[in-house]
Amino acid sequence: RKDSLSKIRGLAAIEAARLDFLATGDQSILLVQMATTYKCLAEAFNMIEKSEQSLEASRISLQYDDDHRTHFNIGVSYTLSGETHKAIEAFEESVRLSPLLGEALVNLGVLYSKIGRHHDAIERLSRAAEAIEENSRIYFQLGFSNSRIGENKVAVDAFNKAIDID
């Protein structure tokens, strides 16, 4: 369902761009809509786990607009294909462009935890907790990373918060 909505948004963006261009002759509107179209396609491909196609759509999108959403899509694609370090780079760029992008911070926390960088994971997850209200995944991951560095009391508190949310 989500991938269908992304495809529909992408197709709607193409049609809107075409009509705007025909009505005004303004090519800048067309370029903005092209970026939106490729972002929607990248999201749709990620939702059906087609990471190579998503990366291609994201690369095209970057030609029109270097924004946080495109880098987020690239991070998801690399995560799906198991390229953790590339995913981290893409999510870090997404956060650099939009510092309170909660989902990118959550993904960074999970990935840093996966490679054993628990202090980095905790820092990103703590920022995510400020940006996103009541997300049990954040507190579960905070509990996990804190337990790995021996902060057991903090870990138990985080796990309990995750349970309370769900």
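Our structure's up above, just so we're on the same page.
Keep in mind it's a predicted model, so treat the numbers as computed, not measured.

1. Some words on the packing of aromatic side chains
The geometry of two aromatic rings is summed up by the distance between their centres and the angle between their planes. As enumerated under the stated definition, the model contains three aromatic pairs in all. Ring geometry for Tyr38 against Tyr64: centres 6.4 Å apart, planes inclined by 10°, an arrangement best described as stacked. Highlighted residues: Tyr38 in helix H2 (residues 27-47) and Tyr64 in helix H3 (residues 51-64), separated in sequence by 26 residues. Residue Tyr64 is classed as partly exposed on the basis of its relative accessible area, which comes to 33%. When the centroid spacing of 5.4 Å and the interplanar angle of 65° are considered together, the rings of Phe72 and Phe91 count as edge-to-face. Here Phe91 lies in helix H5 (residues 84-97) and Phe72 lies in helix H4 (residues 68-80), a separation of 19 residues in the sequence.

2. Quick look at the side chain of His71
Inspection of the secondary structure assignment puts His71 in helix H4. When residues no more than four places from it in sequence are discounted, the contact partners of His71 are Leu62, Asp66, Ala90, Phe91, Glu93, Ser94 and Leu97.

3. Here we look at the pattern of salt bridges
Evaluated as defined, the whole model comprises eleven salt bridges. The partner of Arg69 in a salt bridge is Glu43, and the shortest N-O contact between them spans 2.5 Å. Of this pair, Arg69 sits in helix H4 while Glu43 sits in helix H2, and the two are 26 residues apart along the sequence. Here Glu43 falls in the buried class, since its relative accessible area comes to 15%. Between Arg96 and Glu93 there is a salt bridge, and its shortest N-O distance comes to 2.7 Å. Here Arg96 and its partner Glu93 are both found in helix H5, three residues apart, which amounts to about one turn of the helix. With relative accessibility at 54%, the residue Arg96 sits in the exposed group. A single salt-bridge network, built from bridges that share partners, covers Glu92, Arg117, Asp120, Glu123, Arg124 and Arg127.

4. Topic: the packing of H4 against H5
Closest axis-to-axis distance for the H4/H5 pair is 8 Å, and the angle between their directions is 160°. One finds that H4 runs roughly antiparallel with respect to H5. Of the two possible hands of crossing, H4 and H5 adopt the one that is left-handed. For the pair H4 and H5, contact is made by His68, His71, Phe72, Ile74, Gly75, Val76, Tyr78 and Thr79 and by Lys86, Ala87, Ala90, Phe91, Glu93, Ser94 and Leu97, respectively. Of the residues contributing to the contact of H4 with H5, the split by class is eight nonpolar, five polar and two charged.

So, how was this worked out
- Residues numbered from 1 in each chain as written.
- Predicted model: local features only at pLDDT ≥ 70, side-chain atom pairs only at ≥ 80, totals over all residues.
- Heavy atoms only, no water.
- Phe/Tyr/Trp six-rings, centres within 6.5 Å; stacked < 30°, edge-to-face > 60°.
- Helix = DSSP H or I, 4+ residues; strand = E, 2+ residues; numbered from the N terminus.
- Buried < 20%, exposed > 50% of the residue type's maximum accessible area, 1.4 Å probe, protein only.
- Contact = heavy atoms within 4.5 Å.
- Salt bridge = Lys/Arg side-chain N within 4 Å of Asp/Glu carboxyl O.
- Axes fitted to C-alpha atoms, helices over the stretch in contact; angles between N-to-C directions.
- Parallel < 35°, antiparallel > 145°, perpendicular 65-115°, else oblique.
- Left-handed = near helix turned anticlockwise from the far one by under 90°.
- Nonpolar A, V, L, I, M, F, W, Y, C, P; charged D, E, K, R; others polar.

Purely geometric numbers; function is a separate question.
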